[in-house]
Protein chains: 2
Amino acid sequence: MGFFDKLERAAQRNGSLLCVGLDPDPARMPVSDVAAFNRAIIEATAGLVCAYKPNLAFYEALGERGLAALRDTLAAIPSDIPVIADGKRSDIGNTAKAYARALFDELGVDAATVNPYLGGDAVEPFLEREEKAAFILCRTSNPGARDLQDLLVTAPGGGEARPLFEMVAEMARRWNSRGNVGLVVGATYPEELKRVRRLCPEMTFLVPGVGAQGGDVAAVVRNGLDKAGRGLIINVSRQVLYASREKDFAVAAAGAARQLRDEIARERERALAES
Amino acid sequence: MGFFDKLERAAQRNGSLLCVGLDPDPARMPVSDVAAFNRAIIEATAGLVCAYKPNLAFYEALGERGLAALRDTLAAIPSDIPVIADGKRSDIGNTAKAYARALFDELGVDAATVNPYLGGDAVEPFLEREEKAAFILCRTSNPGARDLQDLLVTAPGGGEARPLFEMVAEMARRWNSRGNVGLVVGATYPEELKRVRRLCPEMTFLVPGVGAQGGDVAAVVRNGLDKAGRGLIINVSRQVLYASREKDFAVAAAGAARQLRDEIARERERALAES
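Now for a description of the structure that goes with this document. Quick caveat: nothing in here was measured; it's all calculated off a predicted structure.

What counts, and at which threshold
- Residues numbered from 1 in each chain as written.
- Chains lettered and ligands numbered in written order.
- Predicted model: local features only at pLDDT ≥ 70, side-chain atom pairs only at ≥ 80, totals over all residues.
- Heavy atoms only, no water.
- Helix = DSSP H or I, 4+ residues; strand = E, 2+ residues; numbered from the N terminus.
- Rg over C-alpha atoms; globule rule 2.2 N^0.38 Å.
- Buried < 20%, exposed > 50% of the residue type's maximum accessible area, 1.4 Å probe, protein only.
- Contact = heavy atoms within 4.5 Å.
- Areas by Shrake-Rupley, 256 points an atom, 1.4 Å probe, with all protein chains shown as cover.
- Lys, Arg positive; Asp, Glu negative; His and termini not counted.
- Charge placed at Lys NZ, Arg CZ, Asp CG, Glu CD.
- Pairing = 2+ DSSP bridges.
- Least-squares fit on C-alpha atoms with pLDDT ≥ 70 in both.
- Expected span 1.5 Å × (residues − 1).
- Bend = angle between axes of the 7 residues up to and from the residue.
- Axes fitted to C-alpha atoms, helices over the stretch in contact; angles between N-to-C directions.
- Parallel < 35°, antiparallel > 145°, perpendicular 65-115°, else oblique.
- Left-handed = near helix turned anticlockwise from the far one by under 90°.
- Right-handed = clockwise from strand over helix to strand, strands pointing away.
- Buried area = accessible area lost by both parts, 1.4 Å probe.
- Salt bridge = Lys/Arg side-chain N within 4 Å of Asp/Glu carboxyl O.
- Polar contact = N/O pair within 3.5 Å; in protein donor to acceptor, adjacent residues only side chain to side chain.
- Core = buried A, V, L, I, M, F, W, Y, C linked by side-chain atoms within 4.5 Å.
- Phe/Tyr/Trp six-rings, centres within 6.5 Å; stacked < 30°, edge-to-face > 60°.
- Lys NZ or Arg CZ within 6 Å of the ring centre and 35° of its normal.
- Disulfide = S-S within 2.5 Å.

1. Observations regarding the overall build of chain A
Next, step 1: For chain A, the helix and strand inventory stands at 12 helices and 10 strands.
Next, step 2: Computed over its C-alpha atoms, the radius of gyration of chain A comes to 18 Å, within 12% of the 19 Å expected for a compact globule of 275 residues.
Next, step 3: In chain A, which comprises 275 residues, the share counted as buried stands at 62%.
Next, step 4: Here the contacts in chain A between residues at least 6 apart in sequence split such that 72% fall between residues at least 24 apart.
Next, step 5: In the structure as shown, chain A presents an accessible area of about 10,000 Å², 46% of it carried by carbon and sulfur atoms.
Next, step 6: In chain A, which carries 35 positive and 37 negative side-chain charges, the distance between the mean positions of the two groups comes to 2 Å.

See below:
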């Protein structure tokens, strides 16, 4: 089953467009064992999410111990919930192939985030496996996103100038011949999200930035839903993982995830009623 | 000692601007043990290079075995030769900090390659440690580099349109307040290299793409040297690692590395004589 079918089924089953980012930070965790922490979070939230997204940086920062914890974490995720490895990888073709092997074969995840700066031939190795998906960074959630992504660009053939992130959205559409491309669009820029939705009406967006980063659920849902009322994976990490920093962290995480899932669902109903 | 001092000393000592890319590909290696292969390559070439550059993708593709081989490889590199971890990492500030820890603390390398698409705040965590360096991807060596990097962009305040990679070169100059920023500029685009050198007269460029990718040493040296006749780290991987695919691979690698080092030195003498 391809990534997007698996995603759709999990979203239906759990009534959820929420993705929980598994980004363990030992300085904030109430227990010292990363794998145990993640297992508890997964057990508490597996009925509330459409996907999980471990960010590889947090595991790599722990060396061998981190890689072992990542393996344990992936093994703890129920097989009917898709996993997006967030590594923002990208390299020239020969090397990008090695990254695709690392993620899709070695770790066995369902999807990966990919940085577009190196162009189409660096993205292609992540797309060759049709059952896997790649989410191309389009408009990221951080303040520095403006530095490159908002620069006004003229295409080689001429035409109207537009921000680089819109050009990336159009490229991603062209790269999507197998139907396994998604986009990363930050929740902190709802206007940009709306513009990308107009350019890519049928693509699924992975939306980080709700919660600790300040993105607003209502604006994300209103501006990001596709015509069928789907097409969004709304990622939250810290607000769920560190809902409590005491022993009750897993219960608190479930509470935070349920609240977010239900808020997203309410905003979705509202948006569909209005459209 | 900071990265660039360490680099300068190694370059002087070995009379070399050559960097060997430690990118082990089990399908092409004449021995099956990655660490043993790398150790033999390092022993054979340590007197001929100014730096080593392991590309992380090739280790990640091998899972735990790859991480162990990377550790062994790093331990085998003499401490007076700087190491650039080529991972092309980048993420929002909080996560980029974790990547910087992974590379500079966990692996203990001297420098890293960084993708600029997320902007200044994503690059900053790699620069906070003044003794470490970050090489920002500017103009990469692959054909798809054109897709984004050549797009004509206008800065938010207006001004003349110019290719995105030139804008990145200027941003990198601004990010370089601590003097620990370099640029990645592919050997396969010598004209672009010349333009970047004009924009950043005093920055050090990491130049991949000579050898298997078709970049020309003479053009790289002519267009890339700074006024002091330095400022280049010319990376070669496959042409050295797989100079022979028989038992004599280490001897052959040393031969290939010596030939490249000397060719670079000759072209350097010629370029300095002409200027």
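Having seen it, we continue.
2. Observations concerning unusual backbone geometry
Residue and element names in this part refer to chain A.
Next, step 1: One non-glycine residue with positive phi stands out, namely lysine 88, at about 50 degrees.
Next, step 2: Examined against the element boundaries, lysine 88 turns out to sit in strand E3 (residues 84-89).
Next, step 3: Among the residues examined, lysine 88 registers a relative accessible area of 7% and is labelled buried.

3. Regarding the pairing of strand E5 (residues 133-139) of chain B
All names here are of chain B.
Next, step 1: Counting buried residues along E5, seven of its seven residues qualify, which places the element largely inside the surrounding structure.
Next, step 2: The sheet contact formed by strand E4 (residues 111-114) and E5 spans four bridges and is parallel. In the strand pairing of E5, alanine 112 is matched with alanine 134.
Next, step 3: For E5 and strand E8 (residues 181-185), the ladder comprises five bridges, and the chain directions are parallel. Bridge pairing links phenylalanine 135 to glycine 182 in E8.

4. Let's talk about the relation of the copies chain A and chain B
Next, step 1: You can overlay chain A on chain B at an RMSD of 0.1 Å; the transform is a turn of 180 degrees with a shift of 0.0 Å along its axis. Given the turn and translation reported, the copies of this chain are related as if by a two-fold rotation axis. Taking C-alpha positions as reference, the residue of chain A nearest the rotation axis is Val153(A), located at 2.3 Å.
Next, step 2: When you check the interface residues of chain A against chain B, 100% turn up at the interface there too, and the contact is symmetric in its surfaces.

5. Comments concerning helix H5 (residues 93-107) of chain B
Residues and elements named next belong to chain B.
Next, step 1: The terminal C-alpha atoms of H5, which comprises 15 residues, lie 20 Å apart, in line with the 21 Å expected from a rise of 1.5 Å per residue.
Next, step 2: Maximum bend of H5: about 25 degrees, positioned at arginine 101.
Next, step 3: Following H5 by one or two positions, glycine 108 adopts a phi angle in the positive range, close to 75 degrees.

6. As for the sheet that holds strand E1 (residues 18-22) of chain B
Residues and elements named next belong to chain B.
Next, step 1: Spatial ordering of the open sheet is given by E2-E1-E10-E9-E8-E5-E4-E3, a layout of eight strands whose pairing is parallel. If you trace the sheet from one side to the other, it starts and ends with strand E2 (51-54) and strand E3 (84-89), each paired once. Going across the sheet, the axis of each strand differs from the next one's by a mean of 30 degrees, ignoring polarity.
Next, step 2: Helix H9 (residues 190-199) rests against E5, E8 and strand E9 (205-207) of the sheet, and its axis sits at about 170 degrees to E9.

7. Considerations on the packing of helix H2 (residues 34-45) of chain B against helix H12 (residues 249-274) of chain B
Residues and elements named next belong to chain B.
Next, step 1: Axis separation between H2 and H12 bottoms out at 8 Å; the angle between their running directions is 45 degrees. Taken as axis vectors, H2 and H12 run oblique relative to one another. H2 and H12 meet at a crossing whose hand is right-handed. Across from Phe37, Ala40, Ile41, Ala44 and Thr45 in H2, the residues of H12 making contact are Phe249, Ala250, Ala253, Ala254 and Ala257.

8. Notes on helix H12 (residues 249-274) of chain A
Residue and element names in this part refer to chain A.
Next, step 1: For H12, which comprises 26 residues, the first-to-last C-alpha distance of 37 Å matches the rise-based estimate of 38 Å (1.5 Å per residue) to within 8%.
Next, step 2: Of all the positions in H12, only Phe249, Ala250, Ala253, Ala254, Ala256, Ala257, Leu260, Arg261, Ile264, Glu267, Arg268 and Ala271 are classed as buried.
Next, step 3: In this structure, the buried residues of H12 make contact with helix H1 (3-14), strand E1 (18-22), helix H2 (34-45), helix H10 (217-224), strand E10 (232-236) and helix H11 (238-241).

9. Here we look at the pairing of E4(B)
Residues and elements named next belong to chain B.
Next, step 1: The side-chain alternation of E4 yields two buried faces, one formed by Ala111 and Thr113 and the other by Ala112 and Val114.
Next, step 2: Sheet topology note: the E3/E4 ladder contains three bridges and is parallel. Across the sheet, the residue bridging to arginine 89 is valine 114, located in E4.
Next, step 3: Taken together, E3, H5 and E4 constitute a β-α-β crossover, and its handedness is right-handed.

10. Some thoughts on the interface of chain A and chain B
Next, step 1: Taken together, the contact pairs 58 residues of chain A with 58 residues of chain B.
Next, step 2: Taken together, the two surfaces of chain A and chain B that pack against each other cover about 4,600 Å², and 57% of this comes from carbon and sulfur.
Next, step 3: The largest contributions to the chain A side of the interface with chain B come from Tyr117(A), Leu148(A) and Leu151(A), which together make up 16% of the buried area.
Next, step 4: In this structure, the connection of chain A to chain B is made through six salt bridges.
Next, step 5: Linking chain A with chain B are 28 residue pairs in polar contact (both at pLDDT 80 or more).

11. A closer look at the sheet that holds strand E5 (residues 133-139) of chain A
All names here are of chain A.
Next, step 1: Taken in spatial order, the eight strands line up as E2-E1-E10-E9-E8-E5-E4-E3 in an open sheet, and their pairing is parallel. Each edge of the sheet is formed by a strand with only one pairing partner; in this case those strands are strand E2 (51-54) and E3. Direction aside, the axes of adjacent strands within the sheet are offset by 30 degrees on average.
Next, step 2: Relative to E10, strand E9 (residues 205-207) is paired through three bridges, and the arrangement is parallel. Residue pairing across strands places leucine 206 opposite isoleucine 233, the latter belonging to E10.
Next, step 3: Of the strands in this sheet, E1 and E2 are in contact with H2, which crosses E1 at around 170 degrees.

12. A word on the nonpolar core
Next, step 1: Ranked by internal contacts, the top residues of the largest apolar core, which has 211 residues, are Leu183(A), Phe205(A), Leu183(B) and Phe205(B).
Next, step 2: In contact with Leu183(A), other than residues within four places in its own chain, are Phe135(A), Ile136(A), Cys138(A), Ala169(A), Ala172(A), Val196(A), Cys200(A), Met203(A), Thr204(A), Phe205(A) and Leu206(A).

13. A short note on the packing of aromatic side chains
Next, step 1: Under the counting rule described, the total for this entry stands at 10 aromatic pairs over all chains.
Next, step 2: An aromatic cluster is present here, built from Phe3(A), Phe4(A) and Phe135(A) joined pairwise through their rings.
Next, step 3: In this structure, Arg139(A) is placed above the aromatic ring of Tyr189(A), and the distance from its NZ or CZ to the ring centre is 3.7 Å.
Next, step 4: It is Arg139(B) that lies over the ring of Phe165(B); its NZ or CZ is 5.6 Å from the centre.

14. Comments concerning the state of the cysteines
Defined simply, a disulfide is a covalent bond joining two cysteines at their sulfur atoms.
Next, step 1: Overall, the coordinates contain zero disulfides over all chains when judged by the stated rule.
Next, step 2: Of all cysteine sulfurs, the one in Cys200(A) lies closest to Cys138(A), which takes part in no disulfide; the gap is 7.1 Å.
Next, step 3: Look at Cys138(A) and you get buried, because its relative accessible area is 0%.
Next, step 4: Cys19(B) takes part in no disulfide bond, and the closest cysteine sulfur, belonging to Cys50(B), lies 6.1 Å away.
Next, step 5: Under the relative-accessibility criterion, Cys19(B) is labelled buried at 0%.

Function cannot be inferred from these measures alone, as they are strictly geometric.
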